[in-house]
Amino acid sequence: MAAARDAFPRWRALPAPKRGEILFRAAERLVQKKEELARDMTREMGKVLAETRGDVQEAIDMTYYMAGEGRRQFGQTTPSELPDKFQMSVRMPVGIAGLITPWNFPMAIPSWKMMPALVLGNTVVIKPATDTPLSVANLVGVLEEAGLPPGVVNMVTGGGADVGAPLMQHEDVGIVSFTGSTAVGRKVSEACAPAFKHCHLEMGGKNLIMVMDDARLDLAVEGAVWGGFGTTGQRCTAASRITVHKKVYREFAESFVERARALRVGDGLDPEVEMGPCINEAQRRTVEGYVKIAAGEGAKLLCGGHRLEGGAWAHGYFHEPTVFGDCSPSMRISREEVFGPVVSLIPVGSLEEAIEVGNSVEYGLSASVYTQDINKAFTAMREMYTGIFYVNAPTIGAETHLPFGGTKHTGNGHREACVQALEVFSEWKSIYIDYSGHLQRAQIDTGE
Ligand code: UN1
């Protein structure tokens, strides 16, 4: 914290385009080291190599994007009500940004927070997830190599109680940005409230794919496999429930289950493997807990349901891709975030019913519809109260130059990535310059 505080005045004073140039150099370096960083990440947290390359790529995209913001950060100029008066708005950094980041996107998500914070002139203290400090250390290392001055980014490893809590409570932190569970997000919000500290929260999801009776089923099945089991279901955007029109339910369920069963689970460094492990034993137990809950609620286990141990699965917390059928929207398996390779299928009779089911949960991150009917696509697009929506694509795969985040208990009204991230990490200052040479009174003087 002391290092971040000492570095702030000089970093803030460095012209924003120069800060952007450092970010640009960091992006170039990430491109060069992409393969090495991806391998480290797979070894650290288990995602398959194709996905960890994607994670590093997302950090590259974000870093280039925010490097460009060094020469933008547009404010407003607007005519004054009064003669000989000029006015404009400019952004200023908040100060020290305290970042608390998750293990599922161990480089992409830190970059979503760090790069906008830095280009705006904030200094950073980051606490990486306990399970993935290496990927954040690698990102910080790249920034150092790119010429970031000492003290501008600081990383502190450790658990939530030892590092996270003191970080969010520290009086010198101006903005806390957190990605993780809704339960922890609430604690972050409460910790920030007494001092009115800025607080950006990105939390849980229970994302939905709607498969309509006119959908291209091959496409929908492929999308559901990727959305449900990509990253072992450990994305906040993961498609963990699928409403399927009753007319195509049986056909969809059969081919979805066939695909899920065939997924090759194992070591993410093996190019043949399609799905890696759960992050740790606690997470795998959570998955097993939900399998029990779903079975107890009367959901029908269509495939999976067990941990995978021994042999190729000896070193990791593997679990079978699991599908529950005939789920009702009120079951816990249809409403609660699992964060693992478990998908529930919910039969519905119409688009209206699918939308109602979709909006009935506490979260609002991502949703998607598979249909060939443009009227249905636009209706679903309008009616789903989520921060992200897809047509004929699964719920995962957001790009860095559109706002990322969700409604209801997924977020607290902010968005990351895109220019919206600039709002999180800056304050506005409105500036009025009177060059009339006498006192002009706004409002009082109007109409004279
Ligand atoms: C997350 O799951 O926390 O949209 C982030 C996606 C990715 C980011 C996911 N680009 O699925």
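What counts, and at which threshold
- Residues numbered from 1 in each chain as written.
- Predicted model: local features only at pLDDT ≥ 70, side-chain atom pairs only at ≥ 80, totals over all residues.
- Heavy atoms only, no water.
- Buried < 20%, exposed > 50% of the residue type's maximum accessible area, 1.4 Å probe, protein only.
- Helix = DSSP H or I, 4+ residues; strand = E, 2+ residues; numbered from the N terminus.
- Pairing = 2+ DSSP bridges.
- Right-handed = clockwise from strand over helix to strand, strands pointing away.
- Domains from an automatic or database assignment.
- Contact = heavy atoms within 4.5 Å.
- Buried area = accessible area lost by both parts, 1.4 Å probe.
- Salt bridge = Lys/Arg side-chain N within 4 Å of Asp/Glu carboxyl O.
- Polar contact = N/O pair within 3.5 Å; in protein donor to acceptor, adjacent residues only side chain to side chain.
- Core = buried A, V, L, I, M, F, W, Y, C linked by side-chain atoms within 4.5 Å.
- 1 Å grid on protein atoms, 1.4 Å probe; cavity = no way out; pocket = protein on both sides within 12 Å on 5 of 7 lines; lining within 4 Å.
- Points joined across faces, edges and corners; volume = space filled by probe spheres on them.
- Nonpolar A, V, L, I, M, F, W, Y, C, P; charged D, E, K, R; others polar.

Here strand S16 (residues 388-391) shows a clear split, with Ile388 and Tyr390 buried on one side and none of Phe389 and Val391 buried on the other. Across 4 bridges, strand S15 (residues 366-370) lies against S16 in parallel orientation. Residue Ser366 lies in a different strand from S16, and its bridge partner there is Ile388. Remark: the S15/helix H12 (residues 374-383)/S16 crossover connection has right-handed handedness.

For the rest of this paragraph, the subject is the pairing of strand S12 (residues 322-325). Burial along S12 is two-sided: the face carrying Thr322 and Phe324 and the face carrying Val323 and Gly325 are both buried. Here strand S9 (residues 300-303) runs beside S12; their pairing, made up of 3 bridges, is antiparallel. Note on S12: the bridge partner recorded for Cys303 is Val323. Bridging between S12 and strand S13 (residues 342-348) involves 3 bridges; their strand directions are parallel. Along S13, the bridge assignment pairs Phe324 with Ser344.

So, on to the domain arrangement of the protein chain. What the domain assignment lists for the protein chain is domain 1 (2-203 + 411-432) and domain 2 (208-391). Look at where the C-alpha atoms of domain 1 and domain 2 centre, and you get two points 31 Å apart. Contact with domain 1, which involves 17 residues of that partner, is made by 20 residues of domain 2. A combined buried area of about 1,500 Å² lies between domain 1 and domain 2, and 63% of that area is made up of carbon and sulfur atoms. Counting the surface domain 1 buries against domain 2, the share from its top three residues, Val48, Glu51 and Trp103, is 33%. Applying the counting criterion to the domain 1 and domain 2 interface returns 1 salt bridge. Put simply, domain 1 and domain 2 have 4 residue pairs in polar contact (both at pLDDT 80 or more) between them. Per-element accounting of the side of domain 1 that touches domain 2 gives the leading share, 4 residues, to helix H2 (residues 16-45).

Residues Met114, Leu118, Val124 and Leu143 are the most contacted members of the largest nonpolar core, which totals 56 residues. Looking at which domains feed residues into this core, each of domain 1 (2-203 + 411-432) and domain 2 (208-391) supplies at least three. Formed by 29 residues, the second largest nonpolar core is a distinct cluster that contains Val257, Ala260, Met275 and Cys303.

Computed from the structure, the largest pocket encloses a volume of approximately 880 Å³. Going through the elements one at a time, helix H6 (160-169), strand S5 (173-179), helix H7 (182-192) and helix H10 (281-297) are the ones with two or more residues in the lining of the largest pocket. Among the elements that take part in the lining of the largest pocket, H7 stands out by supplying 6 residues, more than any other. Here the residues of the lining of the largest pocket are counted per class, giving 18 nonpolar, 15 polar and 7 charged. Summarising the domain contributions, the lining of the largest pocket has at least three residues from each of domain 1 (2-203 + 411-432) and domain 2 (208-391).

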